[in-house]
Structures are given as C-alpha cells and as structure tokens.
Amino acid sequence: MKSSTAYGLYGKYVERGHLQLCPGAVVDPDAPVNRIVELYEKGVRFCGFGYDAYKSSFPISRLKEWLFAELGELNPGIVDLVKPVSQTAGAFNPLVMKLDYIVKRDEPSIRFSKNAMWPYEFQNAVLITDGYGNRKVYKARPQEKIDNVVALCDALAVFDFTEMRVMQVSEE
C-alpha cells in the first residue's frame, strides 16, 4: 500500500477508520471472514454473500465453514447464500442499471454512510459500454480504487438472488 500513488490519501482513510489494512504485502485470506464474524457478533445480520470468484477460493471456503458451524444446524442450506457474482459486462449491465436507478430517483432508494471513500471511489469510476450495449464499472485510471462501487453492484446481485430465494420459499 505504501508504494501506491494515493498512499497519502489512503493513509488518511486508515487513520479515520474508513479503510482497514492487513499487515504485510498481501491480503490476509482470513481478514474478510474475521470482519464478517466481528459484525455478526455485533448484531449485523446478512441476507447473502457475493464475491468475485477470481482468487477467492480460500476466503470463501472459510466463510462457508464458519456459516455452517454457526448457523448450519438451524439452516442446513445456509452456505447456498454464498454466490459468485460474474464480473463480465453482460452480467454487470443490469446491476449498473439498477444502481443508476436507485441513486438518481427523486427519492433515492439508498443512503451512503459518511465514509469519505464513497465519493472518492465514485469519482474514480467510469461506465464503459461494450459493443453489445452492456455497461460495466471500470477505473478511470488504473491506480485508483473503485472497490466499494463494484462491491455495491455485487451486493445488488446478492439482493436479487436473495429476493428470488425468499419468494420461492414463500411459494412452497
């Protein structure tokens, strides 16, 4: 992180608690699961988990292990709520359209925290349209961060999946 051109800015985000860093040169694969467990123990409840399948097999296996150990007795299908979210332009197109709609409505359907990374990352994000008219979020410049924006699109995919699953269960 210290070699990043935006380290000064990221350092301020870390100091303010807006960004958590793992010690060392690479992401600790246990860090995402540890954070989920921490939030769960504080009372946060999750409707599902979406992830980019690229280089995520270890943390996803750990998440499924924890979910089954914690909640599997009550809900044996709990690990089915952990789903990969395709990062292709075709898969992202409906998510980008939904995000555009919920943000631009007269009364937006979403509220963002006061975390300073939201406006920073949204200003770094651009929409690219492929030859088929699909839109996807990309970095305006390679060194910038847009992780929260992409994660929000992933969350919309998980919400859609969870909503469909709830409707299927209620129909049975």
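Parameters and conventions
- Residues numbered from 1 in each chain as written.
- Predicted model: local features only at pLDDT ≥ 70, side-chain atom pairs only at ≥ 80, totals over all residues.
- Heavy atoms only, no water.
- Core = buried A, V, L, I, M, F, W, Y, C linked by side-chain atoms within 4.5 Å.
- Buried < 20%, exposed > 50% of the residue type's maximum accessible area, 1.4 Å probe, protein only.
- Helix = DSSP H or I, 4+ residues; strand = E, 2+ residues; numbered from the N terminus.
- Contact = heavy atoms within 4.5 Å.
- 1 Å grid on protein atoms, 1.4 Å probe; cavity = no way out; pocket = protein on both sides within 12 Å on 5 of 7 lines; lining within 4 Å.
- Points joined across faces, edges and corners; volume = space filled by probe spheres on them.
- Nonpolar A, V, L, I, M, F, W, Y, C, P; charged D, E, K, R; others polar.
- Pairing = 2+ DSSP bridges.
- Polar contact = N/O pair within 3.5 Å; in protein donor to acceptor, adjacent residues only side chain to side chain.
- Arc of directions from axis to C-beta.

## Observations concerning the nonpolar core
Ranked by size, the top nonpolar core spans 16 residues in total, and within it Val85, Phe92, Leu95, Leu99, Val137, Cys153 and Leu156 carry the most contacts. Of all elements in the fold, only helix H4 (89-104) and helix H6 (147-171) reach the threshold of two or more residues within this core. No other element matches the seven residues that H6 contributes to this core. Excluding residues that lie within four positions of it along the chain, phenylalanine 92 makes contacts with Ser86, Gln87, Arg135, Lys136, Val137, Val150, Cys153 and Asp154. Counting 14 residues, the second-largest nonpolar core is a separate cluster that includes Ile36, Tyr51, Trp66 and Leu81.

## Structural notes on the layout of surface pockets
The space that makes up the largest pocket amounts to roughly 2,500 Å³. Considering the residues around the largest pocket, the lining is formed by 50 residues, among which Pro32, Arg35, Asp147, Asn148 and Ala151 are closest to the centre. Of all elements in the fold, only helix H2 (31-41), strand E1 (49-51), helix H3 (57-71), helix H5 (117-124) and H6 reach the threshold of two or more residues within the lining of the largest pocket. Per-element accounting of the lining of the largest pocket gives the leading share, eight residues, to H6. Here the residues of the lining of the largest pocket are counted per class, giving 31 nonpolar, ten polar and nine charged. One number sums up the size of the second largest pocket: a volume of about 210 Å³. Forming the walls of the second largest pocket are Val96, Leu99, Asp100, Val103, Lys104, Phe122, Ala125, Val126, Leu127, Val137 and Val149. Broken down by element, the residue count for the lining of the second largest pocket peaks at five residues, all from H4.

## Quick word on the pairing of strand E4 (residues 135-139)
Both strand E3 (residues 125-129) and E4 contribute to a ladder of five bridges, which runs antiparallel. The partner of alanine 125 across the bridge, within E4, is lysine 139. As consecutive antiparallel partners, E3 and E4 are separated by five residues, and within that stretch glycine 133 has a phi angle of approximately 90°, a positive value.

## Some thoughts on the side chain of asparagine 115
The topology assignment puts asparagine 115 in the loop between H4 and H5. There is a polar contact of 2.8 Å between the side chain of asparagine 115 and the backbone nitrogen of methionine 117.

## Points about H2
Every buried residue belonging to H2 is among Val33, Ile36, Val37 and Tyr40, and all of these are buried. For H2, the arc enclosing every buried residue in end-on projection is 100°, short of the 170-degree limit, so these residues lie on one face. Those residues of H2 hidden inside the fold are in contact with E1 and H3. Looking one or two residues past H2, glycine 43 carries a phi angle of roughly 105°, positive in sign.

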